[in-house]
Amino acid sequence: MTDALMSTYARLPVTMVRGEGARVWDSDGRAYLDALAGIAVCALGHAHPAVAEAVADQARTLVHVSNNYRIEAQERLGERLTQLAGHERAFFCNSGAEANEAALKIARRYGHEQGIDEPAVIVCERAFHGRTLATLSATGNRKIQAGFEPLVQGFVRVPFGDIDAVERVAANRRNVVAVLVEPIQGEGGVRTAPDGYLAGLREVCDRNGWLLMCDEIQTGVGRTGRWFAQQHENIVADVTTVAKALGNGVPIGACIARGPAAEILVPGSHGSTFGGNPLACRAGLAVLDTIEADGLVERAATLGERMRAGFRASLGEVEGVREIRGQGLMIGIELERDCGALVRRALDAGLLINVTAGSTLRLLPPLVLSDDQADAIVEGVSELARTFLTESAGS
Ligand SMILES: *Cc1c(COP(=O)(O)O)cnc(C)c1O
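Residues numbered from 1 in each chain as written. Predicted model: local features only at pLDDT ≥ 70, side-chain atom pairs only at ≥ 80, totals over all residues. Heavy atoms only, no water.

What follows covers the sheet that holds strand β16 (residues 354-356). Read across the sheet, four strands follow the order β13-β14-β17-β16 without closing on themselves; strand pairing throughout is antiparallel. Two strands in the sheet have a free side with no partner beyond their single neighbour: β13 (321-327) and β16. Here the average twist between neighbouring strands, direction ignored, is 25°. Packing of helix α10 (residues 296-315) onto the sheet brings it into contact with β13, β14 (330-335) and β17 (360-363), and relative to β13 it is tilted by some 170°. (Pairing = 2+ DSSP bridges. Helix = DSSP H or I, 4+ residues; strand = E, 2+ residues; numbered from the N terminus. Axes fitted to C-alpha atoms, helices over the stretch in contact; angles between N-to-C directions. Contact = heavy atoms within 4.5 Å.)

Listed below in structure tokens is the structure:
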């Protein structure tokens, strides 16, 4: 292993060299079933022909041009994406954190336009919003913030899923301008909110003149069985941030908005050199077209149900399993003890999985999974979890 890279990741000693659908191969030719999809990125699986074709065609034509000019693919993607989300306008960038930065800048300007000099945004405990200074400040995890102080000011933190806590902030503070929330907390442990939480937030935001900003970077683009997770509660946010699956691995993020929030960024107030370039937008268009044409949103809902039912049958009664939860193909299995060791064991068993928040097995497989592949993941992960729990129970 080289010393030429900063040690930002504790990497597993394996090099992936090729992929196809839900499978990847390492440099020794060993195959793995991918239940992580590059952390919810490769929703169409690996080496999808529609994305490969769009990217190759655009690379031969025009990879990049400045946002000082009109970009046809960006205009088309902006229309498609805002339409699917019931929003009106899009700003394109290159990552999730950048999409949230745009959302936070919108919220602050929205406040300043109303004469609020120190606008504050409500964020949740255990939230994850990214690694830039503003987004790590919005994140509800001390480990991610430690050593990077001073944090960006202007956040008020409340427990996730608790509407009363938000009402108390409304009663006590005059400078709140927005709520930023993940419909399902991803990094925080695949935590779902009580039914009615997002609809409740929508109502509180409307009553107080706040923007509801949904971070759908992980939940968006079909993963939970709707195009956007907010649609499970029949609400439309004022601002939604999107990234991960949007380019199936080609870096692209978007901050989309409607109503007053959509009018706030004007020439000179925000920008991105690479954001929304022809290459990334062609990938984004291929992703949305394929998800729609192949019915993958419905497929995510059906497969997610199938997998959670499978896990409930195989792990529901096992001592040491705390909860099986999630929505669509965003699946969390919380154990009663830390289980980071299972990532390596799964790899050895030919499965790519993730553990988040210490004790939650997290599965974010590609939406193109076959029934057999879904069943193989349920079987393989259940077996690993059972063995792990039996051993650690005895120790
Ligand atoms: C991954 C993620 C981010 C950060 O996205 P990057 O592309 O890594 O900057 C922000 N919010 C949520 C909910 C995420 O899952």
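The full set of residues close to the ligand is S95, G96, A97, N100, F128, H129, G130, E182, D215, I217, Q218 and K244. Residue G96 places a main-chain N or O atom 2.8 Å away from an oxygen atom belonging to the ligand. Q218 is positioned such that a nitrogen or oxygen atom in its side chain is 2.8 Å from an oxygen atom of the ligand. Within the complex, the protein chains bury 82% of what would otherwise be the 380 Å² of accessible surface of the ligand. No other element matches helix α4 (residues 96-113), which puts three residues into the shell around the ligand. Partitioned by chemical class, the residues of the shell around the ligand number three nonpolar, six polar and three charged. (Near = heavy atom within 4 Å. Polar contact = N/O pair within 3.5 Å; in protein donor to acceptor, adjacent residues only side chain to side chain. Areas by Shrake-Rupley, 256 points an atom, 1.4 Å probe, with all protein chains shown as cover. Nonpolar A, V, L, I, M, F, W, Y, C, P; charged D, E, K, R; others polar.)

Turning our eyes to something else, we now look at the environment of V250. In this fold, V250 is placed in the loop between β11 (239-242) and β12 (253-257). Sequence-wise, V250 and S314 are 64 residues apart; in three dimensions their C-alpha atoms are separated by 36 Å.

Turning next to the packing of aromatic side chains. Under the counting rule described, the total for this entry stands at one aromatic pair. R18 extends its terminal NZ or CZ atom over the ring of W25, reaching a point 4.1 Å from the ring centre. (Phe/Tyr/Trp six-rings, centres within 6.5 Å; stacked < 30°, edge-to-face > 60°. Lys NZ or Arg CZ within 6 Å of the ring centre and 35° of its normal.)

Turning next to the sheet that holds strand β7 (residues 176-181). Strand order across the open sheet formed by seven strands is β4-β12-β11-β10-β7-β5-β6, with mixed pairing between neighbours. Every interior strand has two partners, whereas the edge strands, β4 (89-93) and β6 (155-158), have only one. Each adjacent strand pair in this sheet contributes to an overall mean axis angle of 20°, direction not counted. By the bridge criterion, five bridges tie β4 to β12 in an arrangement that is antiparallel. What sits directly across from C93, in β12, is G253. The strands touched by helix α3 (residues 72-85) are β4 and β12; relative to β4, the strand with the most contacts, the crossing angle is about 120°. Running over the sheet, α4 touches β4, β5 (120-124), β6, β7, β10 (211-215), β11 and β12 and is turned about 175° from β10.

The next subject is the packing of helix α2 (residues 49-61) against helix α9 (residues 278-293). Taken N-terminus to C-terminus, the directions of α2 and α9 make an angle of 155°; their axes are 9 Å apart at the nearest point. Classified by the angle their axes make, α2 and α9 are roughly antiparallel. The handedness of the crossing between α2 and α9 is right-handed. Contacts between α2 and α9 pair A50, V51, A54, V55, D57, Q58 and A59 from the former with P278, L279, R282, A283, A286, V287 and T290 from the latter. Split by residue class, the contact of α2 with α9 holds 10 nonpolar, two polar and two charged. (Parallel < 35°, antiparallel > 145°, perpendicular 65-115°, else oblique. Left-handed = near helix turned anticlockwise from the far one by under 90°.)

Time to look at the side chain of D215. Along the chain, D215 falls in strand β10. One buried charged residue, D215, remains without a salt bridge, the closest side chain of opposite sign being K244 at 7.1 Å. A distance of 2.9 Å separates the side chain of D215 from the side chain of N100, its partner in a polar contact. From its side chain, D215 meets the backbone nitrogen of I217 in a polar contact 3.0 Å long. If we skip the residues at most four places from it in the chain, D215 touches N100, F128, H129, L180, V181, E182, P183 and T241. (Buried < 20%, exposed > 50% of the residue type's maximum accessible area, 1.4 Å probe, protein only. Lys, Arg positive; Asp, Glu negative; His and termini not counted. Salt bridge = Lys/Arg side-chain N within 4 Å of Asp/Glu carboxyl O.)

Here Q58 shows up in helix α2. Its relative accessible area of 10% is what places Q58 among the buried residues. Among residues more than four places away in sequence, those in contact with Q58 are V63, P278, L279 and R282.

With that out of the way, let us pick up unusual backbone geometry. Omega for the peptide link from E149 to P150 comes to 0°, which places this bond in the cis form. Inspection of the secondary structure assignment puts P150 in the loop between α6 (142-145) and β6. Non-glycine residue A37 carries a positive phi angle of around 55°. Along the chain, A37 turns up in helix α1 (residues 37-40). Residue class for A37 comes out buried when judged on its relative accessible area of 0%. Even without a glycine there, the phi angle at V221 is positive, about 60°. Looking at the element boundaries, V221 is found in the loop between β10 and β11.

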